[in-house]
Amino acid sequence: MAIDQRDSSVIVFGAGGRAGRAIVAQALRRGHRVVGVVRDPARYPGLADLGDGVTVVTGDLTDAGSVEAVISGVSGEATAVVNAVTPFTAPPESFDDFDDDYYVHLVENLSRAVAGRDCRVVEIGLFAMLKTSDVTRVYQDVVAFPEFLRPFAVARLRGLNAWRDQPDGVDWLVLSPPPGLASHTRSTGHYRLGDDVFDPKATVHLSYSDLAVAVLDQIDTPTVHRRQAAVYGLA
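Not measured: the values here are computed from a predicted model.

## As for the layout of surface pockets
Regions of empty space are outlined by a rolling probe, equal in size to a water molecule, passed over the atoms.
Reasoning step 1: By volume, the largest pocket amounts to about 1300 Å³.
Reasoning step 2: Lining the largest pocket are 41 residues, with Ala84, Val85, Thr86, Pro87 and Phe88 sitting closest to its centre.
Reasoning step 3: No other element matches the three residues that helix 1 (residues 18–29) contributes to the lining of the largest pocket.
Reasoning step 4: Here the lining of the largest pocket is composed, by residue class, of 27 nonpolar, eight polar and six charged.

## A closer look at the pattern of salt bridges
Reasoning step 1: Following the criterion strictly, the structure yields 10 salt bridges and no others.
Reasoning step 2: Arginine 158 serves as the salt-bridge partner of aspartate 101, at 2.6 Å between the closest nitrogen and oxygen. Taken together, the positions of aspartate 101 in the loop between strand 4 (77–83) and helix 3 (102–114) and arginine 158 in helix 4 (residues 150–164) put the pair 57 residues apart, joining distant regions of the chain.
Reasoning step 3: By relative accessible area, aspartate 101 is classed as partly exposed at 25%.
Reasoning step 4: Close ionic contact of arginine 192 with aspartate 199 constitutes a salt bridge, the shortest N to O distance being 3.1 Å.

## Structural notes on helix 3
Reasoning step 1: Compared with the 18 Å implied by 1.5 Å per residue over 13 residues, the 19 Å span of helix 3 between its first and last C-alpha is a close match.
Reasoning step 2: Taken together, the buried positions of helix 3 are Tyr102, Tyr103, Val104, Leu106, Val107, Asn109, Leu110, Ser111, Ala113 and Val114.

## A look at the sheet that holds strand 2 (residues 33–38)
Reasoning step 1: Reading across from one edge, 3-2-1-4-5-6-10-8 is the order of the eight strands in this open sheet, with mixed pairing throughout. This sheet does not close on itself; its edge strands, each paired only once, are strand 3 (54–58) and strand 8 (191–193). Each neighbouring strand pair of the sheet contributes to a mean axis angle of 25°, computed without reference to strand direction.
Reasoning step 2: Of the pairings in the sheet, the one linking strand 4 to strand 5 (residues 120–124) comprises four bridges and is parallel in character. Paired with asparagine 83 across the two strands is glutamate 123, which belongs to strand 5.
Reasoning step 3: Strand contacts of helix 3: strand 1 (8–13), strand 4 and strand 5, with the helix running at about 175° to strand 4, the strand carrying the most contacts.

## Some points on the packing of helix 2 (residues 64–72) against helix 3
Reasoning step 1: Running from amino to carboxyl end, helix 2 crosses helix 3 at an angle of 35°, the nearest separation of the two axes being 9 Å. Where helix 2 crosses over helix 3, the two elements pack in a sense that is right-handed. Mapping the contact onto sequence places Ala64, Val67, Glu68 and Ile71 in helix 2 and Asn109, Leu110, Arg112, Ala113 and Val114 in helix 3.
Reasoning step 2: Tallied by class, residues from the contact of helix 2 with helix 3 come to six nonpolar, one polar and two charged.

## A look at the packing of helix 3 against helix 4
Reasoning step 1: The contact between helix 3 and helix 4 brings their axes to 7 Å, and the two run at 30°. When the interaxial angle is binned, helix 3 and helix 4 end up roughly parallel. Considering the relative orientation of helix 3 and helix 4, their crossing is right-handed. Here Tyr103, Val104, Val107, Leu110 and Ser111 of helix 3 come into contact with helix 4, specifically with Phe152, Ala155, Arg156, Arg158, Gly159, Ala162 and Trp163.
Reasoning step 2: Considering only residue class, the contact of helix 3 with helix 4 consists of eight nonpolar, two polar and two charged.

Reading the values: the criteria
- Residues numbered from 1 in each chain as written.
- Predicted model: local features only at pLDDT ≥ 70, side-chain atom pairs only at ≥ 80, totals over all residues.
- Heavy atoms only, no water.
- 1 Å grid on protein atoms, 1.4 Å probe; cavity = no way out; pocket = protein on both sides within 12 Å on 5 of 7 lines; lining within 4 Å.
- Points joined across faces, edges and corners; volume = space filled by probe spheres on them.
- Helix = DSSP H or I, 4+ residues; strand = E, 2+ residues; numbered from the N terminus.
- Nonpolar A, V, L, I, M, F, W, Y, C, P; charged D, E, K, R; others polar.
- Salt bridge = Lys/Arg side-chain N within 4 Å of Asp/Glu carboxyl O.
- Buried < 20%, exposed > 50% of the residue type's maximum accessible area, 1.4 Å probe, protein only.
- Expected span 1.5 Å × (residues − 1).
- Pairing = 2+ DSSP bridges.
- Axes fitted to C-alpha atoms, helices over the stretch in contact; angles between N-to-C directions.
- Contact = heavy atoms within 4.5 Å.
- Left-handed = near helix turned anticlockwise from the far one by under 90°.
- Parallel < 35°, antiparallel > 145°, perpendicular 65-115°, else oblique.

Next comes the structure, spelled out in structure tokens:
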């Protein structure tokens, strides 16, 4: 069932990043009220200029109390929460010390905060979390995925497994874009959803704007629940 955007808010954690900003813009185009959540609003002065319907607030997805405060502080109903957070602005030289449970903690914080609410959670995933045709993971393919990034991919996979452990009442979806996700890619307004098996024939790059279209479609008229799904570009 389609929702009434006039009476709903979409909360976007990581609203200052490329994916988060595109999701905020798409939600505003569809008439949603948007709460853009960033750790330091002063670093993103242009975020509030995306439209009159956006409110920029301070929040930290790694802090359970902060997540609860943001979600409970929304005026009216929160229809959806989007996790577009990345733990760094640029890949570090090494991931050897990356916390394996980083994404597990994010999942637990979000799950507790939305418990008992009619609020969908959509998370932006990583293509390396997808399965290959032999049911291994993409990150295990030494050709397809650099070995030094594997600790990060393992942490993402642990987060995905944590979602699967959440109570049935938590409506979540992890949308994993392809490796061809790029800011310079032309927006088409179209995309293709897949399952959790990576399609090596999907060579069309995906724009952040089209990723945002997929996210908002799954908020406005949900079709995929409590699993990971790939999202690909269309020419």
